[in-house]
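Breakdown of the fold
Listed here are the chains, written in short residue letters.
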Amino acid sequence: MVKIQVNSSNVQYNEDHILSNYDYQSTKVTQDTKNDTITVTPVTTRYTFKTESKVPKLGLMLVGWGGNNGSTFTAGVLANKLKLTWQTKEGLQKADWIGSVTQASTVLLGENVWVPLNTLVPMVNPDDVVIDGWDISSANLYESMERAQVLDYSLQVQLKEEMSKLQPRKSIFDADFIAANQSSRADNIYENLTRSQMVEQVRRDIRDFKEKSGVDKVIVLWTANTERFVDIQVGLNDTADNLLAAIERNEHEISPSSLFAIACVLEGVSYINGSPQNTFVPGLVELAKRHNVFIAGDDFKSGQTKLKSVLVDFLVSAGIKPESIVSYNHLGNNDGKNLSAPAQFKSKEISKSNVVDDMVESNKILYPTIEDYPDHCVVIKYVPRVADSKRAMDEYMSRIFMNGTNTLVIHNTCEDSLLATPLILDLVILCELMERVTWKTEQHVDYQRFDTVLSILSYLLKAPMVPEKTPVVNSLPRQRYCIENILKALIGIPPDNFMMLEHKAIPRK
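Throughout what follows, the structure given in this document is the object of discussion. In this text, all values refer to a predicted model and were calculated from it rather than measured experimentally.

What counts and how
- Residues numbered from 1 in each chain as written.
- Predicted model: local features only at pLDDT ≥ 70, side-chain atom pairs only at ≥ 80, totals over all residues.
- Heavy atoms only, no water.
- Helix = DSSP H or I, 4+ residues; strand = E, 2+ residues; numbered from the N terminus.
- Rg over C-alpha atoms; globule rule 2.2 N^0.38 Å.
- Buried < 20%, exposed > 50% of the residue type's maximum accessible area, 1.4 Å probe, protein only.
- Contact = heavy atoms within 4.5 Å.
- Areas by Shrake-Rupley, 256 points an atom, 1.4 Å probe, with all protein chains shown as cover.
- Lys, Arg positive; Asp, Glu negative; His and termini not counted.
- Charge placed at Lys NZ, Arg CZ, Asp CG, Glu CD.
- Phe/Tyr/Trp six-rings, centres within 6.5 Å; stacked < 30°, edge-to-face > 60°.
- Lys NZ or Arg CZ within 6 Å of the ring centre and 35° of its normal.
- Axes fitted to C-alpha atoms, helices over the stretch in contact; angles between N-to-C directions.
- Parallel < 35°, antiparallel > 145°, perpendicular 65-115°, else oblique.
- Left-handed = near helix turned anticlockwise from the far one by under 90°.
- Pairing = 2+ DSSP bridges.
- Core = buried A, V, L, I, M, F, W, Y, C linked by side-chain atoms within 4.5 Å.
- Nonpolar A, V, L, I, M, F, W, Y, C, P; charged D, E, K, R; others polar.
- Salt bridge = Lys/Arg side-chain N within 4 Å of Asp/Glu carboxyl O.
- Polar contact = N/O pair within 3.5 Å; in protein donor to acceptor, adjacent residues only side chain to side chain.

Quick look at the overall build of the chain now. The helix and strand inventory of the chain stands at 15 helices and 17 strands. Over its C-alpha atoms the chain spans a radius of gyration of 24 Å, differing by no more than 12% from the 23 Å that the globule rule assigns to 509 residues. Sorting the 509 residues of the chain into buried and exposed places 52% on the buried side. Across the chain, contacts joining residues at least 24 apart in sequence account for 73% of those joining residues at least 6 apart. For the chain, the accessible surface area stands at approximately 24300 Å², while carbon and sulfur atoms represent 51% of it. When the 53 basic and 63 acidic side-chain charges of the chain are each reduced to a single mean position, those positions are 3 Å apart.

Written as structure tokens, this is what we have:
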């Protein structure tokens, strides 16, 4: 693997840390609406970043371990670790991490030198991740992989021995939060426990896994069924204290995903929400801040939404006005089956629909009022025959010059779990890295962590949570550059600005 050494007085490498001094340039903007004046003030802030060099042995616990994503991810980690190959009608295939930004993408260092993103700073090797988790189904991971019908059969056969040894832990189940059609799978659940007891059981499970596996730290990720939205109620889940008290009272309107998240926060374990429900109610966010534990969400951004966040950004940036965005999906795996229920679909619709809002709001020339915003419709239909090979069809109708119309129609066929699985890896690796990073400015005496709401992961999630008063960014290129430029800041090198003045402003002799 390439080793990068930065030659600068602003960077120090020692046995335990990388220390970097970084001048962050931003702008302060003041608007005087009375005089129609905008004053812009450049601001430079000196940050010192400290990144722990030692990469820990990482444990990952998946909620919904036996689902399509969980079983495919586990099989993928094993296949890569064992360097498996398998034969198909197209020829010999080998395990890879294509689709992972940490494992299969590169960044520009300068002078047309590109390096793997994961070489900038020390990161967890996927081969070393230890996996465990919970599922409402008692099927072992080989049975789950076989049921999912995602991976080639000849690969499944090679993984049978290892995958058969993996058994999900009992999980939380509440039929009110997921579709009724999921009840037949629920044969591996906590019985007769109050919500408080469920939280304590999850905490015991985390401690048990950590002790028996010998991992240094644990991250938990939800890749289970989409739940319905919960009601935000004063006295129930609006503050951390009210939320904890509601659990003690065994209040029903605390969802299973929130119970898992609360258990993780109390254990000091980062929690990532890979489904679109509103797991992070206000009280839970406050609780995470109180305990200084990372949370991130919501919902994997894998196919249609990722394309939408690129295409709308392109159209609006080009001065073209999207007026109608219609997205139609048919999906045949268990995710599609669960989403066939109206309450669960509503959660998904919200996470898919908000992805263009900030790009639309950025252009008051095209969209002077909210009435000018584009019509945005999302439809998901369950079609069993499609299985994991999701079909997504999108129509973008835009206004162009002199009342002209431009229509883009896109048909996307994607194997849903094979797009989502690398995102799980990226989310976990980047989250773990951020746990090793602290920072301070000239105004701070002590180092501190990034904000509890880990918005650097927004590139990988449809409905990105952001810290309070922080603008939501859905533009995919901007989210990608955020990751890249923060990693560069950790080793004291500037972000790419693509001005290329060294090639454009050449002095005359």
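After that view of the structure, there is still more to cover.
What follows deals with the packing of aromatic side chains. Enumeration over the complete set of coordinates arrives at eleven aromatic pairs. Where Phe 49 meets Phe 450, the ring centres are 6.5 Å apart and the plane angle is 35°; that geometry is what we call tilted. Taken as a pair, Phe 49 in strand β3 (residues 37-52) and Phe 450 in the loop between β17 (437-441) and α14 (476-489) lie far apart in primary sequence, 401 residues in all. A centroid spacing of 5.0 Å and a plane angle of 65° characterise the contact between Trp 134 and Phe 260, whose relative ring orientation is edge-to-face. Taken together, the residues span a long stretch of sequence, with Trp 134 in strand β9 (residues 130-134) and Phe 260 in helix α7 (residues 256-267) at a distance of 126 residues. Assessed through its relative accessible area of 1%, Phe 260 is described here as buried. For Lys 50, the ring lying beneath its charged end belongs to Tyr 447, and the centroid distance is 4.4 Å. The ring of Phe 177 has Arg 228 sitting right over it, with the charged end atom 4.2 Å from the ring centre.

Moving on, we get to the packing of helix α1 (residues 68-81) against helix α3 (residues 141-148). Between α1 and α3, the least distance of the axes is 9 Å, while the angle of their chain directions is 115°. Here α3 runs roughly perpendicular to α1, going by the angle between their axes. Both α1 and α3 take part in a crossing whose hand is left-handed. Contacts from Asn 68, Gly 70, Ser 71, Thr 74 and Ala 75 of α1 reach α3 at Leu 141, Ser 144, Met 145 and Ala 148.

A separate point is the sheet that holds strand β14 (residues 375-382). Strand order across the open sheet formed by four strands is β14-β13-β15-β16, with mixed pairing between neighbours. The sheet is open, and its two edges are formed by β14 and β16 (404-415), each paired on a single side. Adjacent strand axes in the sheet meet at a mean angle of 10° when their direction is disregarded. Pairing between strand β15 (residues 389-400) and β16: twelve bridges, direction antiparallel.

In terms of nonpolar packing, the biggest core is built from 70 residues, with Phe 73, Leu 221, Leu 457 and Leu 487 touching the most fellow members. Looking at which element gives the most residues to this core, the answer is helix α13 (residues 416-435), with eleven residues. Core analysis: the next-biggest nonpolar cluster, separate from the first, contains 41 residues, Met 61, Trp 222, Val 230 and Phe 260 among them.

Bringing the sheet that holds β9 into the picture now. The five strands lie next to each other as β9-β4-β10-β11-β12, forming an open sheet whose pairing is parallel. Whereas interior strands pair on both sides, the edge strands pair on one side only; in this sheet they are β9 and β12 (295-296). In terms of strand pairing, strand β4 (residues 58-63) meets strand β10 (residues 217-222) through six bridges, oriented parallel. Pairing of Leu 60 across the sheet is with Ile 219, part of β10. Of the strands in this sheet, β4, β9 and β10 touch helix α5 (residues 195-213), which is tilted by about 155° from β9.

Where α1 meets α13, the axes come as close as 9 Å, and the angle between the chain directions of the two elements is 65°. With respect to α13, the element α1 is oriented roughly perpendicular. Note on packing geometry: the crossing formed by α1 with α13 is right-handed. On the side of α1, the interface is formed by Asn 68, Asn 69, Thr 72 and Phe 73, while α13 contributes Ser 417, Leu 418, Ala 420, Thr 421, Ile 424 and Leu 425. Counted by class, the contact of α1 with α13 contains five nonpolar, five polar and no charged residues.

Within the structure shown, the criterion is met by 25 salt bridges. For Asp 496, the salt bridge goes to Lys 488, with nearest N and O atoms at 2.7 Å.

Attention shifts here to the pairing of strand β13 (residues 321-331). Counting buried positions along β13 yields eight of eleven residues, so the element is predominantly enclosed. Pairing geometry for β13 and β15, over nine bridges, is antiparallel. For His 330, the partnering residue across the bridge sits in β15 and is Arg 391.

Turning next to the side chain of Ser 258. Within the secondary structure, Ser 258 is located in helix α7. One polar contact links the side chain of Ser 258 to the main-chain carbonyl oxygen of Thr 279, over a distance of 2.7 Å. Those residues in contact with Ser 258 that lie beyond four places of it in its chain are Thr 279 and Leu 284.

Let us look at the pairing of strand β2 (residues 17-32). The pairing of strand β1 (residues 11-13) with β2 spans three bridges and is classified as antiparallel. Note that in β2 the partner of Val 11 across the bridge is Ser 20. Connecting β1 to the next strand, β2, in antiparallel fashion are three residues. Hairpin connection between β2 and β3: a loop of four residues separates the two successive antiparallel strands, and Asp 36 in this loop has a positive phi of roughly 55°.

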